[in-house]
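Structure at a glance
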Amino acid sequence: MASVAQLHPEPAPVVACTVSRDVQNFDLLIEDMETELGESWGDLSFADAMVFFDQPDAAALEFIAVAVDDEDEPNLAQISAVVTAARDKGIRVILIADQMSPAGLHQLLRLGAEDFVPYPLPEGALHDSIERLRRPAPPPATASAVVPETAQPHPTFAAKGDRDGVILPVHGLAGGVGATSFAVNLAWELANSSKTNAPCVCIIDLDLQFGSVATYLDLPRRDQVFEILSDTPSIDSDTFVQSMLTFNDKLHVFTSPADMLPLDFITSDDVGRILAMARANFDFVIVDMPKAIVQWTETVLNAAHVYFALIELDMRSAQNALRLVRALKAENLPHEKLRFALNRAPGFTDLSGKSRVKRLAESLSIEIEVMLPDGGKPVTQSNDHGLPLAENSAKNPLRKEIQKLAKQISDLNKAVETARK
Ligand SMILES: Nc1ncnc2c1ncn2[C@@H]1O[C@H](COP(=O)(O)OP(=O)(O)OP(=O)(O)O)[C@@H](O)[C@H]1O
Ligand SMILES: [Mg+2]
């Protein structure tokens, strides 16, 4: 490491700096910076950073790693100024945060910090973050697919609070098992389950960090979402519904926020309020859950009518399913609401695959009630185009299975409604 003040005349140009109250508080960051950049980085205090940005040497800076902890909280204004000044000079900002409050984090991310890594740094996290910064911007074709927010259709109906919707959360028990694809397509199929009397459906993305419902439906992430999540007690149903976007006028979508938020940014009470408002205004409420189990998972499980747990036919899914069931049982939570859905399930002719599924279910003492076939490349293509399978690849086997399931759910619901009346 070189101190920025001693850099003249230094052969290796400084391409990055840590900016912190005292970099010695972040020794893992020092190690990682050395691994990534050798000698070509320096460290700055917040005050020095402002001065350095105006010097010619600053032109070589690729990024700064702003490292903050809870003691920096009172000094947020000065740190914000550093982030803003860096952005104005075209210097990228990675935020390294140790015990920072969600509000503080959010402020810095909004001002232009491009990436956020928690401290202590997970293995390889700084490396990945630098890679992300260096990755070229997406090609214009993708960029042009993003419709400006003003062009987005907003809900036209007012919140009446006259419904008693069915809450259907979807939770992937391992990364990338297809939970969001299932949630989005199930929501769309439900919204289209009847030509004459279609139910009112919404999808709520509670994956506050990596939520991709907006991506899969090509919708922007609106600022209102953050405002609602930060202050649910003062939000009424109307404001909530108006914060949603609609997909093809039929499906209402409450996207994840524009910036990544810690999962404990919202409390169980917040989630309870959001679900209550959704339930009162829609017939079906699909909730895309984060992979992690958090404090409010219990709230969602309790509110759910059925809780879809997505797995694949592999060991990590099996072990995670086992752990989840055990954890729910240990806490006396309603594990019987879980409906296991096996994604990329083996086809009819795959006898050995089918016997593996049987063994999996037996060894976990669970029933696997939903089998979702592999839909191949068109699934990812539809997601990338921001379209449900029905709109892009209607004959896809995955679509057909989700369509069938939606029909069953909607018929069952109608039967229950009729019985009630
Ligand atoms: N049945 C399927 N057939 C083919 N491709 C699929 C299928 N299900 C999901 N995929 C693809 O797998 C990838 C992961 O899917 P998806 O984002 O829905 O998973 P996830 O469980 O929500 O992931 P994350 O852990 O990131 O939330 C996507 O590229 C999607 O298009
Ligand atoms: Mg997902």
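The notes below deal with the structure included here. Everything quoted here is computed from the prediction, not taken from an experiment.

Calculation criteria
- Residues numbered from 1 in each chain as written.
- Chains lettered and ligands numbered in written order.
- Predicted model: local features only at pLDDT ≥ 70, side-chain atom pairs only at ≥ 80, totals over all residues.
- Heavy atoms only, no water.
- Helix = DSSP H or I, 4+ residues; strand = E, 2+ residues; numbered from the N terminus.
- Rg over C-alpha atoms; globule rule 2.2 N^0.38 Å.
- Buried < 20%, exposed > 50% of the residue type's maximum accessible area, 1.4 Å probe, protein only.
- Lys, Arg positive; Asp, Glu negative; His and termini not counted.
- Charge placed at Lys NZ, Arg CZ, Asp CG, Glu CD.
- Contact = heavy atoms within 4.5 Å.
- Near = heavy atom within 4 Å.
- Polar contact = N/O pair within 3.5 Å; in protein donor to acceptor, adjacent residues only side chain to side chain.
- Areas by Shrake-Rupley, 256 points an atom, 1.4 Å probe, with all protein chains shown as cover.
- Nonpolar A, V, L, I, M, F, W, Y, C, P; charged D, E, K, R; others polar.

Turning our attention to the overall build of the chain. Helix and strand content of the chain: 17 helices and 14 strands. The C-alpha radius of gyration of the chain comes to 24 Å, within 12% of the 22 Å expected for a compact globule of 421 residues. Projected onto its principal axes, the C-alpha coordinates of the chain cover approximately 80 × 50 × 45 Å. Buried positions account for 50% of the 421 residues belonging to the chain. The positive charge centre, built from 37 side chains, and the negative charge centre, built from 59, are 15 Å apart in the chain.

When you line up the elements, Glu 401 lands in helix α17 (residues 397-420). Along the sequence, Glu 401 and Leu 372 sit 29 residues apart, while their C-alpha atoms lie 6.4 Å from each other. Those residues in contact with Glu 401 that lie beyond four places of it in its chain are Met 371, Leu 372 and Pro 373.

The next subject is the site of ligand 1. What surrounds ligand 1 is a group of 18 residues, the closest being Gly 176, Thr 180, Ser 181, Tyr 216 and Gly 375. The side chain of Arg 344 places a nitrogen or oxygen atom 2.9 Å from an oxygen atom of ligand 1. Take Asn 383: an N or O atom from its side chain is 2.9 Å from an oxygen atom of ligand 1. Here ligand 1 loses 81% of its free accessible area of 630 Å² to cover by the protein chains. Breaking the shell around ligand 1 down by element, the ones donating at least two residues are α7 (179-191), β13 (338-345) and α15 (377-385). When its residues are assigned to classes, the shell around ligand 1 shows six nonpolar, ten polar and two charged.

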